[in-house]
Amino acid sequence: MEGEWEEMEEDTVTVLMAETFARLEKEHVQLHMDGLRNVWIVKPGHGTRGQGIKCYDNLESIIALASKRGGGKKSVVVQKYVEPCLLLEGARKFDIRAWILVTNWNPLTVWMYEPYFRVCTEEHSLDKKSLSNHYKHLCNRCVQATNEDYDDGDEEGGCMWSVETMTAYLNKFGDGAELWENIRRQIMHISQMCMHSVQDLVDNKLGCFEWFGLDFMVDEKFNVWTLECNISPDLSRGTEVLERIVPAALDDLWAMMLAPKKVAASGEGGWDLVFRGKEIKSDILQKRFWRRKNLMTDLRAGRPFQQRDALQCKLGASTNAFLQVGAAKSKGAQGKTVRSKKKKKVEENEEEQEE
């Protein structure tokens with residue numbers, strides 16, 4: 001094989017390498033965000049406020065930390081670090097907190113309020129020595145607020161930005177409004193899929209709601225990546241941005257709960273409708289539950305990477321299929337009705353000809 005490469009012309013090698021990389025990108029959707037440093041974030045399975053989160057670039061350290069937690073009995077989440085993350089002025093890292101509201105689980109009804117941006121206080125770096133510096137890597141407000149350089153202002157240099165401030169900053173990369181709208185669409189789509197993925201696990205109670213806090217990262221190509229989904233997100237104020245949106249979100253919530261369809265139709269209020277699906281029958285939800293459980297069991301069985309990756313694709317395909325189940329059945333029923341009418345008409349024409 002080594003000799004074959006040496007005999008090839010440079011242009012041929014370049015083309016082959018480009019084709020190989022293109023196939024790799026197609027098969028591995030996270031290729032770009034993986035980066036070259038092999039940095040991973042390790043966090044407690046049920047942690048809050050950035051507590052217990054570590055950054056590592058080697059497997060030995062990850063296994064050692066996981067083994068220490070409760071004698072290896074407590075859960076640990078190991079997550080790939082988004083290495084080529086989009087940075088703000090001063091090379092500071094940021095993440096996005098989006099409030100997601102579910103007012104009905106069946107039919108699934110999902111809303112999103114105006115997101116806000118949490119910014120680190122120190123310059124981002126993936127050097128080995130800096131991996132332990134939380135001020136460079138963890139955007140949580142409760143972590144950054146302990147730094148003497150923390151500034152809660154909504155401006156360049158501040159540590160909590162509004163959509164308006166971020167949109168103005170994105171003008172440095174092109175049309176800021178268009179770039180933010182692209183990011184926003186991705187956030188809404190991911191949020192819809194996250195809520196759908198647990199739809200069959202939640203006991204639906206009319207008149208109740210669930211308020212989540214979803215965290216996202218944006219890479220250098222303006223792709224959005226999910227970090228985590230939090231129940232009972234922090235609704236405290238204390239910053240310029242939160243002083244404005246927290247009371248507004250709470251006020252709009254009551255209007256939403258009392259008349260959700262009216263609010264959605266009028267477009268008033270700060271909660272934007274992300275998704276309202278069709279009601280799914282209980283037996284279909286039950287089938288989905290067991291199908292997913294069986295797939296997850298296979299995922300945990302230690303299969304080779306290719307098979308495990310294929311199962312994850314099946315999980316995604318399963319989710320998309322169930323999102324479309326109502327529409328698909330409706331179209332199928334319509335097609336069946338049309339075909340039966342055509343068949344009946346043909347039969348009537350044949351009878352007339354015989355007479």
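Values in this document were obtained by computation on a predicted structure and should not be read as measured data.

Basis of the calculations
Residues numbered from 1 in each chain as written. Predicted model: local features only at pLDDT ≥ 70, side-chain atom pairs only at ≥ 80, totals over all residues. Heavy atoms only, no water. Helix = DSSP H or I, 4+ residues; strand = E, 2+ residues; numbered from the N terminus. Buried < 20%, exposed > 50% of the residue type's maximum accessible area, 1.4 Å probe, protein only. Contact = heavy atoms within 4.5 Å. Areas by Shrake-Rupley, 256 points an atom, 1.4 Å probe, with all protein chains shown as cover. 1 Å grid on protein atoms, 1.4 Å probe; cavity = no way out; pocket = protein on both sides within 12 Å on 5 of 7 lines; lining within 4 Å. Points joined across faces, edges and corners; volume = space filled by probe spheres on them. Pairing = 2+ DSSP bridges. Axes fitted to C-alpha atoms, helices over the stretch in contact; angles between N-to-C directions. Salt bridge = Lys/Arg side-chain N within 4 Å of Asp/Glu carboxyl O. Disulfide = S-S within 2.5 Å. Core = buried A, V, L, I, M, F, W, Y, C linked by side-chain atoms within 4.5 Å.

Trainee: Outline the overall build of the protein chain, listing residues and values.
Mentor: Along its length, the protein chain carries 13 helices and ten strands. The buried share of the protein chain, reckoned over its 355 residues, is 38%. The long-range share in the protein chain, meaning contacts at least 24 apart out of those at least 6 apart in sequence, stands at 64%. Surface summary for the protein chain: the accessible area is close to 21200 Å², and the carbon and sulfur share equals 53%.

Trainee: Any details on the layout of surface pockets? Residues and values, ideally.
Mentor: Estimated volume of the second largest pocket: approximately 1000 Å³. In this structure, the second largest pocket is lined by 41 residues; those nearest its centre are Arg-49, Asn-140, Asp-215, Glu-228 and Asn-230. Sorting the residues of the lining of the second largest pocket by element identifies β1 (40-44), β3 (76-80), β4 (92-105), β6 (116-123), α6 (141-144), β8 (210-218) and β9 (224-231) as the ones contributing at least two each. Here the lining of the second largest pocket takes five residues from β9, the largest share from any one element.

Trainee: Residue-level account of unusual backbone geometry, with values.
Mentor: Residue Pro-107 follows Asn-106 across a cis peptide bond; omega there is 5°. Inspection of the secondary structure puts Pro-107 in the loop between β4 and β5 (108-112). Of note, Ala-91 is a non-glycine position whose phi angle comes to about 55°, a positive value. With respect to the secondary-structure elements, Ala-91 resides in the loop between β3 and β4.

Trainee: Talk me through the sheet that holds β3; I want residue IDs and the actual numbers.
Mentor: Here three strands make up an open sheet; going across it, the order is β2-β1-β3 and the pairing antiparallel. Looking at the sheet topology across the chains shown, the edges are occupied by β2 (54-56) and β3. Going from strand to strand, the sheet's axes swing by 25° on average, the running direction of each strand aside. Here β1 runs beside β2; their pairing, made up of three bridges, is antiparallel. Note that in β2 the partner of Val-42 across the bridge is Lys-54.

Trainee: Tell me about the pattern of salt bridges, and please be specific about residues and values.
Mentor: Summed over the entire model, instances satisfying the criterion amount to twelve salt bridges. As a salt-bridge pair, Asp-57 and Lys-128 come within 2.8 Å of each other at their nearest N and O atoms. Residue Asp-57 is located in the loop between β2 and α4 (59-68), and its partner Lys-128 is located in the loop between β6 and α5 (134-137); the two are separated by 71 residues in the primary sequence. When its relative accessible area of 14% is taken as the criterion, Asp-57 is described as buried. Given a relative accessible area of 56%, Lys-128 falls into the exposed group. Put simply, Arg-244 and Glu-114 hold a salt bridge, and the shortest N to O gap is 2.9 Å. Separated by 130 residues along the polypeptide, Arg-244 in helix α9 (residues 240-258) and Glu-114 in the loop between β5 and β6 bring together distant segments of the chain. Judged by relative accessible area, which is 25%, Glu-114 ranks as partly exposed. One connected set of salt bridges, linked through shared partners, spans Asp-95, Arg-97, Arg-118 and Asp-215.

Trainee: An account of the state of the cysteines is requested, with residue identities and associated values reported.
Mentor: Evaluation of the coordinates by the stated rule reveals zero disulfides. You can see Cys-55 has no disulfide; the closest cysteine sulfur is in Cys-120, sitting 10.0 Å from it. Between Cys-139, a free cysteine, and Cys-120, which holds the nearest cysteine sulfur, the sulfur-to-sulfur gap is 3.7 Å. Exposure remark for Cys-139: the relative accessible area of 4% places this residue in the buried category.

Trainee: Let's hear about the nonpolar core: which residues, and what values?
Mentor: Judged by nonpolar contacts, the single largest core of 33 residues is most densely connected at Phe-94, Ile-183, Ile-187 and Met-195. If you tally residues by element for this core, the top one is helix α8 (residues 176-197), at seven residues. Among all residues touching Met-195, those that are not within four sequence positions of it are Ile-100, Val-102, Trp-105, Leu-108, Val-110, Phe-212, Leu-214 and Cys-229. If you look at the next biggest cluster of nonpolar residues, it comprises 15 residues, including Trp-99, Val-246, Leu-253 and Trp-271.

Trainee: Any chance you could break down the environment of Glu-210 for me, citing the residues and the numbers?
Mentor: Along the chain, Glu-210 falls in strand β8. In sequence terms Glu-210 and Trp-105 are 105 residues apart; their C-alpha atoms lie 9.4 Å from each other.

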